[in-house]
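Coordinate inspection notes
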Amino acid sequence: MLNEILNRLEENPGSGVIFDLDSTLFDNGPRTWRILSEFARHERRDLIEPMQHLQRHRLPYDLGAICELAVPGEGAAIAESVKGFWAKRFFSEDYIDFDEPITGAVEFVQACHQRHARVIYLTGRDVPGMIIGTSRSLRNWGFPIGVAGTELVLKPRFEMPDPEFKAEAIRSINTHTPNVVATFENEAKNAIAFREIWPDAVHLLLETNWDPKHPTELRETFDTIHDFRMET
Ligand SMILES: [Mg+2]
């Protein structure tokens, strides 16, 4: 599927490919793991050991489910006490550098860019709080950024609801890059919006994590990929 997308991009120079960041190009697991470890050290020393044994990658979406993995039976209670500490840090750029790319993501985005695709990063991270850290993280990992043929689109204000932001951004992208060949997301809700405006594109969902409040049936009409490794 990924090779097919590269072929389509090669045949259509200047066409677009859209990438979400969180849980799509990046695994935010190590970011959350780091914050939870700091919480344990500063506030709850009894959690230091369980947090050390917690997996760092591909953590569940929900903080309660993550804490449940660390301390079975106490996930909800721990999540309640760590929520404020976690959110303050997770939604700031101080911890962005702990994110790690999903396997193969850097190479795949580079391959798209080399085929003269327009690489568009579309993320619900906000401009005031996260644009500097986001640019730095993309650059440090080797994603094409800041060069011709790339575009980084963030949410203008933290408070703006994500669906409203993505709907507006999609309309704007469509005016300058109407030929979008592929989109990558972890949330089916966003992929549905992509499919409505670009019905002929390939819309892939990452099998990372996603908001459990959205019905799982929404995912079923999409092809999914575990990561960006290409068959050779
Ligand atoms: Mg995402």
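Before reading on, note that the structure itself is shown above.
Now for a look at the structure at hand. (Residues numbered from 1 in each chain as written. Predicted model: local features only at pLDDT ≥ 70, side-chain atom pairs only at ≥ 80, totals over all residues. Heavy atoms only, no water.)

1. Some details on the packing of helix α8 (residues 162-176) against helix α9 (residues 188-197)
As a reminder, the rule being used: Under this scheme, a helix contributes an axis fitted over its contacting stretch, all axes are lines through C-alpha atoms, and angles between N-to-C directions fall in the 0 to 180 degree range. A helix here means a DSSP run of H or I that spans at least four residues, while a strand means a run of E at least two residues long, and both kinds are numbered starting from the N terminus. Orientation labels follow simple angle bins: below 35 degrees gives roughly parallel, above 145 gives roughly antiparallel, 65 to 115 gives roughly perpendicular, and whatever is left gives oblique. Definitions for this section: a left-handed crossing has its near helix turned counterclockwise from the far helix by less than a right angle. A right-handed crossing has that turn clockwise. Here, residues are in contact when the closest pair of their heavy atoms is within 4.5 Å. Note on residue classes: Ala, Val, Leu, Ile, Met, Phe, Trp, Tyr, Cys and Pro are nonpolar, Asp, Glu, Lys and Arg are charged, and everything else, Gly too, is polar.
Where α8 contacts α9, the axes come no closer than 11 Å and their chain directions differ by 30 degrees. Here α8 lies roughly parallel to α9, going by the angle between them. The element α8 and its partner α9 pack so that their crossing is right-handed. Contacts between α8 and α9 involve Lys166, Ile170, Arg171 and Asn174 from the first element and Asn190, Ala193, Phe194 and Ile197 from the second. Taken together, the residues of the contact of α8 with α9 sort by class into four nonpolar, two polar and two charged.

2. Quick look at the coordination of the magnesium ion
Cut-off, in case you're wondering: Sites may look incomplete, because water is not among the atoms used; the donor set itself consists of N, O and S atoms within 2.8 Å of the metal (3.2 Å for Na, K and Ca). Using a 1.4 Å probe on the protein chains alone, a residue whose accessible area is under 20% of its type maximum counts as buried, one over 50% counts as exposed, and one in between counts as partly exposed.
The magnesium ion binds to the protein through Asp20 (OD), Asp22 (O) and Asn186 (OD1); the donor distances cover 2.1 to 2.2 Å. The motif formed by the donor residues of the magnesium ion, counted along the single chain, is D-x1-D-x163-N. Taken together, the residues span a long stretch of sequence, with aspartate 20 in the loop between β1 (16-19) and β2 (26-27) and asparagine 186 in the loop between β6 (180-185) and α9 at a distance of 166 residues. The class for aspartate 20 is buried, based on a relative accessible area of 6%. Taking relative accessible area as the criterion, asparagine 186 reaches 5% and is therefore assigned buried.

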